Protein chains: 2
Amino acid sequence: MPLPDAFSQALAERFGKRFSTAEAVRAHHGHDESHFPDALPDGVVWPHSTAEVVEVVKLCHAHRVPVIPFGVGSSLEGHILATNGGISIDLSEMNQIVTIHDEDMDAVVQPGVTRKTLNAALHGTGLFFPIDPGADASLGGMASTRASGTNAVRYGTMRENVLGLEVVLADGRVIRTGGRARKSSAGYDLTRLFVGSEGTLGIITELTVRLHPLPEAISSATCSFPDVASAVQTVIQTIQLGVPVARIELLDTLTVQAVNRYSKTTLRESPMLFFEFHGSPTGVEEQAQTVQELARDNGGQDFEWATRPEDRSRLWQARHDVLFACLNLQPGSRGISTDVCVPISRLAEAIAGTQEEIAATGLIAPIVGHVGDGNFHVVILTEPDNPDQVHAAEALGRRIVERALLLDGTCTGEHGIGIGKKDFLLAEHGEGVAVMASLKAALDPLGLMNPGKVIG
Amino acid sequence: MPLPDAFSQALAERFGKRFSTAEAVRAHHGHDESHFPDALPDGVVWPHSTAEVVEVVKLCHAHRVPVIPFGVGSSLEGHILATNGGISIDLSEMNQIVTIHDEDMDAVVQPGVTRKTLNAALHGTGLFFPIDPGADASLGGMASTRASGTNAVRYGTMRENVLGLEVVLADGRVIRTGGRARKSSAGYDLTRLFVGSEGTLGIITELTVRLHPLPEAISSATCSFPDVASAVQTVIQTIQLGVPVARIELLDTLTVQAVNRYSKTTLRESPMLFFEFHGSPTGVEEQAQTVQELARDNGGQDFEWATRPEDRSRLWQARHDVLFACLNLQPGSRGISTDVCVPISRLAEAIAGTQEEIAATGLIAPIVGHVGDGNFHVVILTEPDNPDQVHAAEALGRRIVERALLLDGTCTGEHGIGIGKKDFLLAEHGEGVAVMASLKAALDPLGLMNPGKVIG
């Protein structure tokens, strides 16, 4: 459906070159890192302020035009695809760091600021922003998908690290969901309602995020295990002992093989754990030693640990090489990525079952996990032009999620629902989805905010 | 308004002695720890299961009778007062610990389980539930008010420690808001919407809560400071250095004087900080030493620290004696308690201003703070039969909150809104309150769930 003429004219007059309907621009904004077909918006606007977002949203509201917020396009479940057309609001030019409060360890930022930009700005403050989903995503996008990543086991996810938001609602009203107080019991938790709502309830135009002290010292460790179960047992015991581990990553055997092939390394080809510890110099040494003992009791081999930056980088190199190493297993292929999260006591079972499913399909699908949280990713390699393989991969992805749900887990630990997991949301939350739909209807009765995502 | 006959009969037939309209029972359920006038429900029911809660709620829904969930009645802002009459659902007999998953470090409990009961049941597991609001509150009540307490600075509040809830909605539908996965990006965060909603959106009938490893070692420390500002500066530096402090409590001079008088101690009569550190034996020693250096740099005196349980208890005795010591400052008086939370950089200013306000009234009002979070409490002593004093105390409470809001804080860090702080919720959240009201209308269109609390 083309945009109403009066609407396009109004946008063009108001925003000039900051409104575009050019094919290439629309194509860029109708494409993310998922394997779903591109779906182009009818136009793109680059606002520079909350007031400008309000103008666009009010205009869309008046003309019943869908609104899709866009950060950097790194989401993985089709979140920014314009499946119903409409206007993509590209927030990348709202990229100011408004204030850094170092005593309060928070920062106020516009939504287009990426996590790396924020961390660069924090240089010299002794503080950092820990959430690291891999991509240099925008903070608005990360809040919208409730992103997390490798060090959520220590620092939490966007849920725990967003203190407050400014949000433009579907009708153009602007609200502030929280301030800078570390905790509050003042009314319903609107902040957490918008974190993870994927642009379907409103547009985030400012965020207040928590910062953390840069650790005085860091140590890293790696260890190989005879099987996933013994690796997971080591993780469970590490956490139960209260070791404040900052990252624990698992690579399955196939992934280690991929790394060896790609990086010409000679790692033992069995499941591996990668640890990172943050604390005082004695603290991180003590943590590494505790984990070494636990690993040995669980059959761990080749335990190595290091504190010097260059040694730590070397130890973790394999983890950093994972994505390209995996894609290299089947050159020219594309990864269809899924992510699930289960209680950690069920993690070994979830991974073992997933590996059996993978073997039965003949597909190549390495597994990498943020295992301290029970969260793991499967990257299913597919030739984009081989529809049978794509279908098999999609079916495999479904079975992985179904197993996670059977094991008391969630259909997505950190990627979100988008257009890709709406059926699973229903399977997981049942009547809860009706409640979500009624909240959506209350805040966006016309259904204009990122329609077709999460719900409906 | 008396209960409809058919309604009362139905409850009496179904619940027998577990439904009561006796005056004494209603009086007990129409009274909390706030200073607001009692407001009795028209009847009280003690359900034993989610199904029974559904029955009561459906009956209330059919007859348009308000529903007020009741835990142990320890809330502080009139949360359980039946200001519109109706049925108090006393959840104290839904007190089963359903499952403890020690590998996953979570527990599934019914809402009537108190925090002390849960911790007793965890004996021997090496795990504990950290949230400690003082009272031995029910976990359902603590979730409803988003409770926290002394060790939120390390372990978070109920917001961070509830993984999922089972909730009975106003129309009798039952939803599960989350499972046992440590993190999830699956849809809107219904868990966090219900945590802190004070019974106004539904009745919590089951909770899954996070557990934490009992620390291997604990150390405690106390230190006196020349003024609040230097104490707060020590707190800021402690947190900025990444010392993973478990508790940091501030007593102002008046409170220390009260303790000296009540407990016959000879503490230096100036602001005092109380620290607790959790970790490995070397870790907690290191933490105490780091804080000692910071305290000294900020003019701290009489620094003491200890690791043996009996020595730690002795050090913290003054903190534990605070409530009774304060009430003893004006025997026969009652404490009108308020709680605010500000960014920690504004904390010294907030407390200094509050002390000036207190001095101007001539009232006795000691200040105690969970200062790691910027949260502090003022207990204003009043003679219950002296209405002038009560009015002056209420006015003082309002000024304390107004100052906190001016300093970028929140009107309540952990007590909640109830009937006492609705005006401040509006002052703090503005248009956000309209959004809260529309969420309330979406889930409880008849306005039967704990009416008059939080909103409206």
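Remember, predicted model here, so these are calculated numbers, not experimental data.

Q: Before we go on, may I ask you to explain the domain arrangement of chain A in this structure?
A: The parts lose accessible area when they come together, and the size of an interface is often stated as this lost area. All names here are of chain A. Structurally, chain A comprises domain 1 (5-92), domain 2 (94-213), domain 3 (217-318) and domain 4 (330-415). Taking only C-alpha atoms, the centre of domain 1 and the centre of domain 2 are 22 Å apart. Tallying the contact residues gives 18 residues for domain 1 and 23 residues for domain 2. Summing the contributions of domain 1 and of domain 2, the shared interface buries around 1500 Å²; its carbon and sulfur component is 70%. Looking at the side of domain 1 facing domain 2, the largest losses of area belong to Thr50, His79 and Leu91, adding up to 32% of the total buried there. Summed over the shared surface of domain 1 and domain 2, the number is zero salt bridges. Inspection of the domain 1/domain 2 interface yields four residue pairs in polar contact (both at pLDDT 80 or more). Looking at the side of domain 1 that touches domain 2, the elements with two or more residues in it are helix H3 (50-63) and strand E3 (67-70). If one sorts the elements of the side of domain 1 that touches domain 2 by residue count, H3 sits on top with six residues. Broken down by class, the residue content of the side of domain 1 that touches domain 2 amounts to nine nonpolar, eight polar and one charged.

Q: Got a minute to help me understand the sheet that holds strand E10 (residues 203-210) of chain A in this structure?
A: Backbone hydrogen bonds are what pair the strands of a sheet, in a parallel or an antiparallel way. Residues and elements named next belong to chain A. Pairing is antiparallel across the open sheet formed by five strands, whose spatial order is E5-E6-E10-E8-E9. With one partner strand each, in any of the chains shown, strand E5 (97-101) and strand E9 (174-176) form the two edges of the open sheet. Strand after strand, the sheet turns through a mean of 10° between neighbouring axes, direction not considered. Across three bridges, the pairing between strand E8 (residues 162-168) and E9 is antiparallel. Each bridged residue has a counterpart across the sheet, and for Val168 the counterpart in E9 is Val174.

Q: Hey, could you run me through the relation of the copies chain A and chain B in this one?
A: Two chain copies, one operation linking them: a rotation about an axis together with a shift along it. Note on the identical chains: chain A maps onto chain B by a rotation of 180° and an axial translation of 0.0 Å, with an RMSD of 0.0 Å. Taken together, the rotation and translation describe the operation of a two-fold axis. By residue overlap, the copies meet face to face through one surface: 100% of the interface positions of chain A are interface positions in chain B.

Q: Can you help me understand the environment of Thr114 of chain A in this one?
A: Residue and element names in this part refer to chain A. Within the fold, Thr114 resides in the loop between strand E6 (106-109) and helix H4 (115-121). Considered as a pair, Thr114 and Glu206 are 92 residues apart in the sequence and their alpha carbons are 13 Å apart. In this structure Thr114 touches Val72, Asp136, Ala137, Ser138 and Leu139, once residues within four positions along its chain are discounted. A polar contact is formed between the side chain of Thr114 and the side chain of Thr117, at a distance of 2.8 Å.

Q: Would you mind showing me how to read the packing of aromatic side chains here?
A: Following the criterion strictly, the structure yields six aromatic pairs over all chains and no others. Plain terms: the ring middles of Phe275 of chain A and Phe277 of chain A are 5.8 Å apart, the flat faces sit at 10° to each other, and that makes the pair stacked. Residue class for Phe275 of chain A comes out buried when judged on its relative accessible area of 0%. On the accessibility criterion, Phe277 of chain A (0% relative accessible area) is buried. Aromatic side chains Phe128 of chain B and Tyr155 of chain B sit 5.4 Å apart centroid to centroid with 85° between the ring planes, which places their arrangement in the edge-to-face category. Of the two residues, Phe128 of chain B is situated in strand E7 (residues 127-128) and Tyr155 of chain B in helix H6 (residues 152-155); the sequence distance between them amounts to 27 residues. Across the pair, exposure class does not vary: Phe128 of chain B and Tyr155 of chain B are buried alike. The side chain of Arg14 of chain A reaches across the aromatic face of Phe15 of chain A, ending 4.9 Å from its centre.

Q: Which parts of the structure should I look at to understand the packing of helix H17 (residues 431-443) of chain A against helix H17 (residues 431-443) of chain B?
A: Angle between the axes and distance between the axes are the two parameters that describe a pair of packed helices. Orientation of H17 of chain A relative to H17 of chain B, taken along the N-to-C sense of each, is 135°, at an axis distance of 9 Å. For the element pair H17 of chain A / H17 of chain B, the angle class is oblique. You can see that H17 of chain A and H17 of chain B cross each other, and the crossing is right-handed. Along the contact surface, H17 of chain A presents Val435, Ser438, Leu439, Ala442 and Leu443 of chain A, while H17 of chain B presents Val435, Ser438, Leu439, Ala442 and Leu443 of chain B. Grouping the constituent residues of the contact of H17 of chain A with H17 of chain B by class yields eight nonpolar, two polar and no charged.

Q: Explain the UniProt feature "domain: FAD-binding PCMH-type" (unreviewed entry) in chain A to me, please; I cannot follow it from the model alone.
A: Within this numbering scheme, the UniProt entry marks residues 37-214 of chain A as carrying the feature "domain: FAD-binding PCMH-type" (unreviewed entry). The annotated region residues 37-214 of chain A carries 22% helix and 24% strand content, and the separation between its end C-alpha atoms amounts to 41 Å.

The rules behind each value
- Per chain, residues are indexed from 1 in the order of the written sequence.
- Written order determines the labels here, with chains lettered from A and ligands numbered from 1.
- With pLDDT at 70 or above as the cut-off, local features in this predicted model cover only qualifying residues; side-chain atom pairs require 80 or more to be listed or tallied, and sums for whole chains, interfaces and linings still use all residues.
- Processing note: side-chain calculations cover all non-hydrogen atoms of the structure and skip hydrogens and water entirely.
- As used throughout, domain bounds are those supplied by an automatic or database domain assignment.
- Throughout, a residue-residue contact means that at least one pair of heavy atoms, one from each residue, lies within 4.5 Å.
- Computed with a 1.4 Å rolling probe, the buried area is the accessible surface lost when two parts are put together, summed over both parts.
- When a carboxyl oxygen of Asp or Glu lies within 4 Å of a side-chain nitrogen of Lys or Arg, that pair is called a salt bridge.
- Distance and chemistry together define a polar contact, namely a pair of N or O atoms within 3.5 Å, with one atom able to donate a hydrogen and the other to accept it when in protein, and with adjacent residues in sequence counting only for side-chain atoms on both sides.
- In this description a helix means any DSSP run of H or I spanning at least four residues, a strand means any run of E spanning at least two, and both kinds are numbered starting from the N terminus.
- Classification convention: Asp, Glu, Lys, Arg as charged; Ala, Val, Leu, Ile, Met, Phe, Trp, Tyr, Cys, Pro as nonpolar; all other residues, Gly among them, as polar.
- Any two strands with at least two DSSP bridges between them are considered paired.
- For helices, the fitted line uses only the C-alpha atoms of the stretch in contact; every axis is such a line through C-alpha atoms, and the angle between N-to-C directions lies from 0 to 180 degrees.
- For this overlay, a least-squares fit was computed on C-alpha atoms, restricted to residues scoring pLDDT of at least 70 in both copies.
- Between the rings of Phe, Tyr and Trp (Trp by its six-membered ring), a pair exists once the centres lie within 6.5 Å; its type follows the angle of the planes, with under 30 degrees stacked, over 60 edge-to-face, and the other angles tilted.
- For every residue, the accessible area (1.4 Å probe, protein chains only) is compared with the maximum for its type, and the residue is labelled buried under 20%, exposed over 50%, or partly exposed between those bounds.
- We call a charge positioned above a ring when the Lys NZ or Arg CZ atom is no farther than 6 Å from the ring centre and deviates by at most 35 degrees from the ring normal.
- Here the angle decides the label: under 35 degrees means roughly parallel, over 145 means roughly antiparallel, 65 to 115 means roughly perpendicular, and every other value means oblique.
- Crossings are assigned a handedness: left-handed for a near helix turned anticlockwise from the far helix by less than a right angle, right-handed for a clockwise turn.
- UniProt positions are given in the numbering used here, feature names are shortened, and annotations may be inferred rather than shown by experiment.

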